[in-house]
Protein chains: 2
Amino acid sequence: MTKATGIASRLSKAGYRLTPQRIMILDAIEGASGHISAEEIYQKIKALYPGLNISTVYRTMELLKETGMVTETDMGDGRVRFHSVGHEHHHHLVCSRCGAVIDLDEAVLAPLTTLLTEKFGFSADLKHLAIFGHCKDCDR
Amino acid sequence: MTKATGIASRLSKAGYRLTPQRIMILDAIEGASGHISAEEIYQKIKALYPGLNISTVYRTMELLKETGMVTETDMGDGRVRFHSVGHEHHHHLVCSRCGAVIDLDEAVLAPLTTLLTEKFGFSADLKHLAIFGHCKDCDR
DNA sequence: TTTCGTGCAAACCCTTTGCATTTGC
DNA sequence: GCAAATGCAAAGGGTTTGCACGAAA
């Protein structure tokens, strides 16, 4: 039913089949404002298409990571979040006390990235880093 | 049998009982060169004291985190690592491809920490950060 | 003695996997 | 038609929890 969107066609070009499940999952990630967990993707789609199984979500995420269409972030709560690569990169300051999340522009970490490359030949993948600490309200 | 060391006595001062299990766990963490997982602590102690249960390790780690004697790092492999706060802080560059871990001095991140404080009033807890990316050997 | 900590076993949560069936190409 | 993808159900790995017994203070 759904027409292959740009990002979906990238999938088929990469040699993967375009199944309705994959298209819906892709849509869900695209539509998400930011990070989204496997469970959230699953629930979102299940409302429209109850047949979906969560293992399909996980398998699709695996594939999208391999294709470089999605990245993974560990926000420290025991479940991984996914993020479409198309979206602008940003980072998060996560308050360990109240759970507040402050968005952080990519530019803030640019100097660090440069330094790591120059000094260690290490290309940091800081697409969606989560930095833990205390926000100003929770700072004793 | 073991005498309460400095760090162990901090525990009792905080109102917690000094059990042999806790002392052994404390020793294991102190003795560890760097990060150590719950399972590793457990195995290390089990050799001498087979009665130990891993749930005790987890409960003790919880308590040590609350007391601020230990910090937690997620190295991205699905299990959390612990680190004695007494040890000098350092960071890790983790290669997502080959798994290599490069140690990074705390000073490297100092400018970033300062910036986050000044700009966002956020006090980052960068005691043991893991930065993912590719090391120079794996960089295509 | 009283409260706190431990061992044990089972539960939990997120994620992965084997297998038979279905489906895209 | 055939290989690849899905659904289902069960397993897996790390971590947590309820409960009765045992031990620190």
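A. Quick peek at the environment of Thr113(B). Residue and element names in this part refer to chain B. Structurally, Thr 113 can be placed in helix α5 (residues 110-120). Judged by relative accessible area, Thr 113 falls into the partly exposed class, the value being 23%. For the pair Thr 113 and Glu 66, spaced 47 residues apart in sequence, the C-alpha to C-alpha distance is 23 Å. Every residue in contact with Thr 113, bar those within four places of it in the chain, is listed here: Ala 124 and Leu 126.

B. View of the nonpolar core. Counting residues in hydrophobic clusters, the biggest one holds 29 residues, and the most contacted among them are Leu112(A), Leu116(A), Ile131(A), Leu112(B), Leu116(B) and Ile131(B). Elements that contribute at least two residues to this core include exactly β4 (90-95) and α5 (110-120) of chain A together with β4 (90-95) and α5 of chain B. With three residues, the top contributor of residues to this core is α5(A). Those residues in contact with Ile131(B) that sit more than four places away from it in its chain are Leu112(A), Leu116(A), Phe122(A), Ala124(A), Leu126(A), His92(B), Leu93(B) and Val94(B).

C. Quick peek at the protein's contact with DNA strand C. Close contacts around DNA strand C come from 21 residues, with Tyr58(A), Arg79(A), Arg17(B), Gln21(B) and Thr56(B) the closest. A share of 68% is what sugar and phosphate atoms reach among the atoms of DNA strand C within 4 Å of the protein. Here a phosphate oxygen of DNA strand C and a side-chain polar atom of Arg79(A) are 2.4 Å apart. Partitioning the surface near DNA strand C into residue classes produces seven nonpolar, eight polar and six charged.

D. Seen up close, the pattern of salt bridges. Applying the stated criterion across every chain yields a total of six salt bridges over all chains. Between Glu62(B) and Lys65(B) there is a salt bridge, with the nearest N and O atoms lying 3.5 Å from each other. With Glu62(B) and Lys65(B) both in helix α4 (residues 54-66), this residue pair falls three residues apart, about one helical turn. Glu62(B) sits in the partly exposed class, given a relative accessible area of 40%. A salt bridge links Lys65(B) to Glu72(B), with the nearest nitrogen and oxygen atoms 2.4 Å apart. Linked by salt bridges that have partners in common, Glu62(A), Lys65(A) and Glu72(A) make up one network.

E. Spotlight on the interface of chain A and chain B. Each partner contributes residues to the interface: chain A has 26 residues there, and chain B has 26 residues. Of the roughly 2,100 Å² buried between chain A and chain B, counting both surfaces, carbon and sulfur atoms make up 70%. Scanning the region where chain A abuts chain B turns up zero salt bridges. Scanning the region where chain A abuts chain B turns up four residue pairs in polar contact (both at pLDDT 80 or more). At the level of secondary structure, the elements contributing two or more residues to the side of chain A that touches chain B comprise β4, β5 (101-105), α5, β6 (123-124) and β7 (130-134) of chain A. Its residues placed into classes, the side of chain A that touches chain B shows 17 nonpolar, four polar and five charged.

F. View of the relation of the copies chain A and chain B. Of the transformation placing chain A onto chain B, the axial shift is 0.0 Å and the rotation is 179°, giving an RMSD of 0.2 Å. Taken together, these values place the two copies in the relation of a two-fold axis. In terms of proximity to the rotation axis, the leading residue of chain A is Leu112(A), whose C-alpha is 3.8 Å off the axis. A share of 100% of the interface residues of chain A reappears at the interface of chain B, consistent with the copies meeting face to face through the same patch.

G. Quick look at the protein's contact with DNA strand D. Within the structure, DNA strand D sits among 21 residues, and Thr19(A), Gln21(A), Thr56(A), Tyr58(B) and Arg79(B) are positioned closest to it. Here the atoms of DNA strand D within 4 Å of the protein split so that 65% fall in sugar or phosphate, with bases taking the remainder. The side chain of Arg59(A) places a nitrogen or oxygen atom 2.9 Å from a base nitrogen of DNA strand D. Of all elements in the fold, only α2 (20-31) and α4 (54-66) of chain A together with α4 of chain B reach the threshold of two or more residues within the surface near DNA strand D. Tallied by class, residues from the surface near DNA strand D come to seven nonpolar, eight polar and six charged.

H. Spatial organisation of the domain arrangement of chain A. All names here are of chain A. Along its sequence, chain A is organised into domain 1 (5-84) and domain 2 (90-133). Distance between the C-alpha centres of domain 1 and domain 2: 24 Å. The interface of domain 1 with domain 2 comprises seven residues on the first partner and eight residues on the second. Across the domain 1/domain 2 interface, buried area totals approximately 580 Å², and carbon plus sulfur atoms make up 68% of it. When the area that domain 1 buries against domain 2 is broken down by residue, the three leading residues are His 35, Thr 71 and Met 75, summing to 63%. Put simply, domain 1 and domain 2 have zero salt bridges between them. The interface formed by domain 1 and domain 2 contains zero residue pairs in polar contact (both at pLDDT 80 or more).

Basis of the calculations
Numbering of residues begins from 1 in every chain and follows the order in which that chain's sequence is written. Going through the entries in the order they are written, you letter the chains from A and number the ligands from 1. Local features in a predicted model are, by the rule used here, given only for residues with pLDDT of at least 70; side-chain atom pairs are given and counted only at 80 or more, and totals for whole chains, interfaces and linings are based on all residues. To get the side-chain values, take all heavy atoms of the structure and skip hydrogens and water. Runs of E in the DSSP output that reach at least two residues are strands. Runs of H or I that reach at least four are helices, and both are numbered from the N terminus. For each residue, the accessible area found with a 1.4 Å probe, counting protein chains only, is set against the maximum for its type, and the residue is called buried under 20%, exposed over 50%, and partly exposed in between. Contacts: residue pairs with any heavy atoms within 4.5 Å of one another. Take the buried Ala, Val, Leu, Ile, Met, Phe, Trp, Tyr and Cys residues and link them wherever side-chain atoms come within 4.5 Å; each set so joined is a nonpolar core. Here a residue is near a molecule or strand as soon as one of its heavy atoms is found within 4 Å of it. Here a polar contact is recorded for every N or O atom pair within 3.5 Å, except that within protein the pair must consist of a potential hydrogen donor and a potential acceptor, and residues adjacent in sequence are included only if both atoms are side-chain atoms. Each residue is assigned to one of three groups, with Ala, Val, Leu, Ile, Met, Phe, Trp, Tyr, Cys and Pro labelled nonpolar, Asp, Glu, Lys and Arg labelled charged, and all others, Gly among them, labelled polar. We define a salt bridge as a side-chain nitrogen of Lys or Arg found within 4 Å of a carboxyl oxygen belonging to Asp or Glu. Throughout, the accessible surface (probe 1.4 Å) given up by two parts as they are put together, summed over both, is called the buried area. Only residues with pLDDT of at least 70 in both copies count here: their C-alpha atoms drive the least-squares fit that superposes the copies. Note that the domain bounds were set by an automatic or database domain assignment.

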